[in-house]
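Observations on the model geometry
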Amino acid sequence: MTDNNGSDDEVLLTGEGWTEVYRIGDSVHRPVRPHTATIHAFLAHLHERGFTNVPAPRGYDARGREVLSYVEGDVPVAPLPA
């Protein structure tokens with residue numbers, strides 16, 4: 001579990017639409033959605049099987065956001081690329 005109450009080390013990765021995604025160190029923090037627990041289970045399963053090219057679930061922070069490991073790349077926003 002990660003504990004973060006908001007600080008200067010939060011970097012906004014995207015704030016498009018209703019979702020604000022922040023990077024804090026080597027973690028990504030974003031709002032919990034109805035399918036978050038299912039996605040965390042799937043990502044954990046992939047890691048357990050040796051596939052590590054996806055974020056690893058790290059639980060929830062003190063603000064109730066889900067926490068995932070940071071993976072370098074681009075965050076697509078609408079309109080999505082081809």
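An account of the accompanying structure is given in this report. (Residues numbered from 1 in each chain as written. Predicted model: local features only at pLDDT ≥ 70, side-chain atom pairs only at ≥ 80, totals over all residues. Heavy atoms only, no water.)

Glancing now at helix α1 (residues 36–48). For α1, which comprises 13 residues, the first-to-last C-alpha distance of 18 Å matches the rise-based estimate of 18 Å (1.5 Å per residue) to within 8%. Looking at the buried positions of α1, the neighbouring elements they touch are β4 (57–60) and β5 (66–69). Downstream of α1 by one or two residues, G50 has phi in the positive range, about 95 degrees. (Helix = DSSP H or I, 4+ residues; strand = E, 2+ residues; numbered from the N terminus. Expected span 1.5 Å × (residues − 1). Contact = heavy atoms within 4.5 Å.)

Once that is clear, we can look at the side chain of R65. Turning to its location among the elements, R65 is positioned in the loop between β4 and β5. For R65, a relative accessible area of 8% corresponds to the buried category. A polar contact of 3.1 Å, which involves the side chain of R65, links it to the side chain of E10. Within the structure, R65 has its side chain in polar contact with the side chain of D61 (distance 2.7 Å). (Buried < 20%, exposed > 50% of the residue type's maximum accessible area, 1.4 Å probe, protein only. Polar contact = N/O pair within 3.5 Å; in protein donor to acceptor, adjacent residues only side chain to side chain.)

With that out of the way, let us pick up the packing of aromatic side chains. All told, the structure shown has 0 aromatic pairs when counted by the stated rule. Stacked on the ring of Y70, the Lys or Arg R23 has its end atom at 3.6 Å from the ring centre. (Phe/Tyr/Trp six-rings, centres within 6.5 Å; stacked < 30°, edge-to-face > 60°. Lys NZ or Arg CZ within 6 Å of the ring centre and 35° of its normal.)

Pairing of strand β2 (residues 21–24) with strand β3 (residues 27–30) involves 3 bridges; the strand directions are antiparallel. Considered in β3, the bridge of Y22 is made with H29. With antiparallel pairing between neighbouring strands as the criterion, β2 and β3 make up a hairpin whose turn holds 2 residues, including G25 at a positive phi of roughly 65 degrees. (Pairing = 2+ DSSP bridges.)

This next bit is on the side chain of H40. Mapped onto the elements, H40 comes out in helix α1. A residue is classified by how much of its surface remains accessible, and H40, at 9% relative accessible area, is buried.

Attention now moves to the pattern of salt bridges. Applying the stated criterion across every chain, the model contains 6 salt bridges. Taking the shortest distance from any N to any O, the salt bridge between R58 and D26 comes out at 3.0 Å. Here R58 is found in strand β4, whereas its partner D26 is found in the loop between β2 and β3, with 32 residues between them in sequence. For D26, a relative accessible area of 48% translates into the label partly exposed. The network of salt bridges with common partners includes E10, D61, R63 and R65. (Salt bridge = Lys/Arg side-chain N within 4 Å of Asp/Glu carboxyl O.)

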